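Coordinate analysis (summary)
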Amino acid sequence: MDSSMILSITTYVYALAAFLYIVSWVFKKEGPCRIALWITLLGIIGNSAGIILRWMASYDLGYGHAPFSNLYESLVFFAWTIAVIFVIIERKYKMPIVGMVTIPLAFLALAYASLRSNEIQPLIPALKSNWLIAHVITCFVGYAAFAIGFGVSILYLLKQRKSSGEGGWIGFLPDVNALDALSYQLVILGFMFLTIGIITGSVWANSAWGRYWGWDPKETWSLITWIIYAALLHTRNMRGWRGTRIAWLSIIGFGAVMFTYFGVNYLPGLHSYGSM
């Protein structure tokens, strides 16, 4: 069984886990959440196997590079990172229902990857660097943290709309203060890794193109994303913003993440290889 088949199966595994998390919320039962967690862990195992097998296959073909070189491979890793960070959060904070807005993102990432070419290709010259792994991993850990923070912010806004928050589907969601605190911690995690990702990318750019920063569309939008989340952290810590305003800033920031990830790949620039 090759990596593509394993990842295709994993897509459906994540879909089943997402379905069970939603069922848990709709029927206000904790049982489906517990099953969904184990299914998510199974998905992570399949996702990991797919990445490792693809990495090994690249060596068999004589290319020998980490599977982070194009949109298909980055989507596969993005799904893995989202699922892993969610499981860590679920175990630490005991908020399984967050999976309702998190695991669907992992499913969508793999589902979209299935629409892209999964052919393993040799690296273009700009990607032949030891900085590839460090840059991609740090950026996508940041992206995944922002993705989960986005989902948590959606839950916060749903919960906050009903002031009592005690009845119906809304009442099954975690407390607004817990959601607000978790969203903030995820933004801190994402911001830290995005910052490292931008730094490693700059060092890599200098070795590949002879300059640390060139206002390429990808670089520009990475900076815009960084500024949005920096503004979120500043307003929370220095101006005391909480709750709804922070949730909306988190949602806007994730919109910038998605444009940085997908949109700028189709603009002329040195990072256009990401759409391959």
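For the structure given in this document, a descriptive report is provided here. (Residues numbered from 1 in each chain as written. Predicted model: local features only at pLDDT ≥ 70, side-chain atom pairs only at ≥ 80, totals over all residues. Heavy atoms only, no water.)

Structural notes on the overall build of the protein
The line we're drawing: Each helix is a run of DSSP H or I of at least 4 residues and each strand a run of E of at least 2, with the numbering of both proceeding from the N terminus. All radius of gyration figures rest on C-alpha atoms, and the globule criterion is 2.2 Å times the number of residues raised to 0.38. The rule is simple: take the accessible area with a 1.4 Å probe, protein chains only, and divide by the maximum for that residue type; under 20% is buried, over 50% is exposed, in between is partly exposed. Each accessible area is a Shrake-Rupley estimate made with a 1.4 Å probe; only the visible protein chains count as cover when residues are assessed. Only four residue types enter the tally: Lys and Arg on the positive side, Asp and Glu on the negative side; His and the chain ends are excluded. Here the site of a charge means atom NZ of a Lys, CZ of an Arg, CG of an Asp or CD of a Glu.
Across its full length, the protein holds nine helices and zero strands. Ordered by position from N to C terminus, the α and β elements of the protein give α-α-α-α-α-α-α-α-α. Relative to the 2.2 N^0.38 estimate, which gives 19 Å for 276 residues, the radius of gyration of the protein is 19 Å and therefore close to what a compact globule would have. Taking the principal axes of the C-alpha coordinates as reference, the protein spans close to 60 × 50 × 30 Å. Counting the 276 residues in the protein, one finds 52% classified as buried. As presented, the protein carries roughly 12800 Å² of accessible surface, and 68% of it is formed by carbon and sulfur atoms. Positive and negative charge centroids in the protein, built from 18 and 11 side chains respectively, lie 10 Å apart.

Describing helix α7 (residues 176–209)
In plain terms, the rule: Helices are assigned an expected span. That span is 1.5 Å times one less than the residue count.
The end-to-end C-alpha distance of α7 is 47 Å, a good match for the 50 Å that 34 residues give at a rise of 1.5 Å each. Immediately downstream of α7, the backbone of Gly210 shows phi near 80 degrees, a positive value.

What about the nonpolar core?
To keep things clear, this is the line we draw: As used here, the term nonpolar core means buried Ala, Val, Leu, Ile, Met, Phe, Trp, Tyr and Cys residues forming a set that is joined through side-chain atoms within 4.5 Å. By the convention used here, residues are in contact when the closest approach between their heavy atoms is within 4.5 Å.
By size, the foremost hydrophobic cluster in this structure holds 76 residues, and its most contacted members are Phe78 and Ile148. Of all the secondary-structure elements, those providing two or more residues to this core are α1 (3–27), α2 (31–60), α3 (71–93), α4 (99–113), α5 (131–161), α7, α8 (217–238) and α9 (244–261). Discounting chain neighbours no more than four positions away, the residues touching Phe78 are Ala109, Phe140, Tyr143, Ala144, Ala147, Met258 and Tyr261.

A few points about the environment of Ile39
Assignment of secondary structure puts Ile39 in helix α2. Residues Ile39 and Ala17, 22 residues apart in the sequence, show an inter-C-alpha distance of 5.7 Å. Beyond its immediate chain neighbours, meaning those up to four positions away, Ile39 contacts Val13, Leu16, Ala17 and Leu20.

So, the side chain of Ser153
Keep this limit in mind: Polar contact is the term for a pair of N or O atoms within 3.5 Å; when the atoms are in protein, one must be able to donate a hydrogen and the other to accept it, and sequence-neighboring residues count only if both atoms are side-chain atoms.
You can see Ser153 is positioned in helix α5. With a relative accessible area of 1%, Ser153 lands in the buried category. Within the structure, Ser153 has its side chain in polar contact with the side chain of Ser183 (distance 3.2 Å). Here the side chain of Ser153 touches Ser250 through a polar contact of 3.2 Å, side chain to side chain. Not counting the four nearest positions on each side in its chain, Ser153 is found in contact with Ser183, Ala247, Ser250 and Ile251.

Details of unusual backbone geometry
Positioned with a positive phi, Lys28 is a non-glycine residue whose angle comes to about 55 degrees. Lys28 gets classed as partly exposed once you look at its relative accessible area, which sits at 42%. Even without being glycine, Lys94 reaches a positive phi, approximately 55 degrees. By the element assignment, Lys94 lies in the loop between α3 and α4. The class of Lys94 is exposed, set by a relative accessible area of 54%.

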